[in-house]
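Single-letter residue listing:
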Amino acid sequence: MYSEAMSTSERLIESTRELLWERGYVGTSPKAILERAEAGQGSMYHHFKGKPDLALAAIRRTAEELLATAEGVLDGPGTPYERIEAYLRRERDVLRGCPIGRLTMDPDIIASDELRAPVDEALDRIRERVAGIVEEGKEQGLFAPSLDGEEIASTVLATVQGGYVLARASGSPAAFDAGVRGLLSLLTPARPV
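Residues numbered from 1 in each chain as written. Predicted model: local features only at pLDDT ≥ 70, side-chain atom pairs only at ≥ 80, totals over all residues. Heavy atoms only, no water.

**Remarks on the environment of Arg92**
This is how it is decided: Labels follow the DSSP assignment, with helices taken as runs of H or I lasting at least four residues and strands as runs of E lasting at least two, numbered in each case from the N terminus. Burial classes follow relative accessibility: with a 1.4 Å probe on protein chains only, a residue under 20% of its type's maximum area counts as buried, one over 50% as exposed, and anything between as partly exposed. Contacts were defined at the residue level, with two residues in contact if any of their heavy atoms lie within 4.5 Å. Pairs of N or O atoms are called polar contacts if they sit within 3.5 Å, as long as, within protein, a hydrogen donor faces a hydrogen acceptor (for residues adjacent in sequence, only side-chain-to-side-chain pairs).
Looking at the element boundaries, Arg92 is found in the loop between helix 5 (80-89) and helix 6 (99-104). Given a relative accessible area of 14%, Arg92 falls into the buried group. With residues up to four places along the chain from it excluded, the contact list for Arg92 reads Tyr87, Val160, Tyr164 and Phe176. A polar atom in the side chain of Arg92 sits 3.3 Å from the side chain of Tyr164.

Pasting the structure below:
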């Protein structure tokens, strides 16, 4: 499943990331992690203090990856509207859901300040970046002066996360796409892009 060049600790982190996405924290047993990682018994405790420590490493990795992907699109070329549109329309497996969104629905992760922190920080940084892009667009006269960058940024994140939920519930990416189209129609630039 994993390349032979991947270290045991990397296989453990990647296996935990996948299992957290699929099963949640409680459903991710040390046995399942070891089986998925093709690692021997005791490997987890050799590299990590235990399941919470390994889960934290996996959650941090997931948050870092999501943030890097988002920033890569949001910091890309184009007008502020085009960058927000690119973020909303970027390729996603909407029927699988969002790995970060999945973590926010896990009561064991949300109950732990330490496990929740990387999720919260990643979402905050994306929200801050989108808010800055909205303000940039207002300064350029592309967006209506009445738009509030923080509110629009929260709406962008809510559209993405809610879109995952609607798509999964309906079994179709069309629900996600409809939410994106609706939000973009509300953000239509004040003048042509």
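**Some remarks on the layout of surface pockets**
Convention followed: Think of a 1 Å grid over the protein atoms and nothing else: a 1.4 Å probe that fits but is trapped marks a cavity, an open set flanked by protein within 12 Å on at least five of seven lines marks a pocket, and residues with an atom within 4 Å of a point count as lining. Grid points are joined across faces, edges and corners, and a volume is the space filled by probe spheres set on the points. Amino acids are sorted into nonpolar (Ala, Val, Leu, Ile, Met, Phe, Trp, Tyr, Cys and Pro), charged (Asp, Glu, Lys and Arg) and polar (every other residue, Gly among them).
Of the voids in this model, the largest pocket is the one considered here, and its volume is about 320 Å³. Lining the largest pocket are 17 residues, and of these Arg17, Trp21, Glu65, Gly97 and Pro99 sit closest to its centre. Every element with two or more residues in the lining of the largest pocket is listed here: helix 1 (8-23) and helix 4 (51-74). Considering only enclosed or pocket space, the second largest pocket measures out at about 270 Å³ in volume. In terms of lining, the second largest pocket is formed by 15 residues, of which the most central are Gly97, Cys98, Gly101, Arg102 and Met105. Of all the elements in the fold, those that place two or more residues in the lining of the second largest pocket are helix 1, helix 6 and helix 9 (149-170). For the lining of the second largest pocket, the class distribution of residues is seven nonpolar, four polar and four charged.

**Considerations on unusual backbone geometry**
With a phi close to 55 degrees, Glu38 is a non-glycine residue in the positive phi region. Mapped onto the secondary structure, Glu38 falls in the loop between helix 2 (30-37) and helix 3 (43-47).

**Notes on a negative patch on the surface**
What counts, and what does not: Any residue with relative accessible area above 30% and no salt bridge may belong to a patch, with like charges joined within 9 Å and the nonpolar Val, Leu, Ile, Met, Phe, Trp and Tyr side chains within 5 Å. Using a 1.4 Å probe, the Shrake-Rupley method yields the accessible areas, and only the shown protein chains count as cover for residues. When a carboxyl oxygen of Asp or Glu lies within 4 Å of a side-chain nitrogen of Lys or Arg, that pair is called a salt bridge. Positive charges come from Lys and Arg alone, negative charges from Asp and Glu alone, with His and the N- and C-terminal ends not counted. To locate a charge, take atom NZ for lysine, CZ for arginine, CG for aspartate or CD for glutamate.
Together, Glu128, Asp148, Glu150 and Glu151 make up a region of like negative charge exposed at the surface. Within the secondary structure, Glu150 sits in helix 9.

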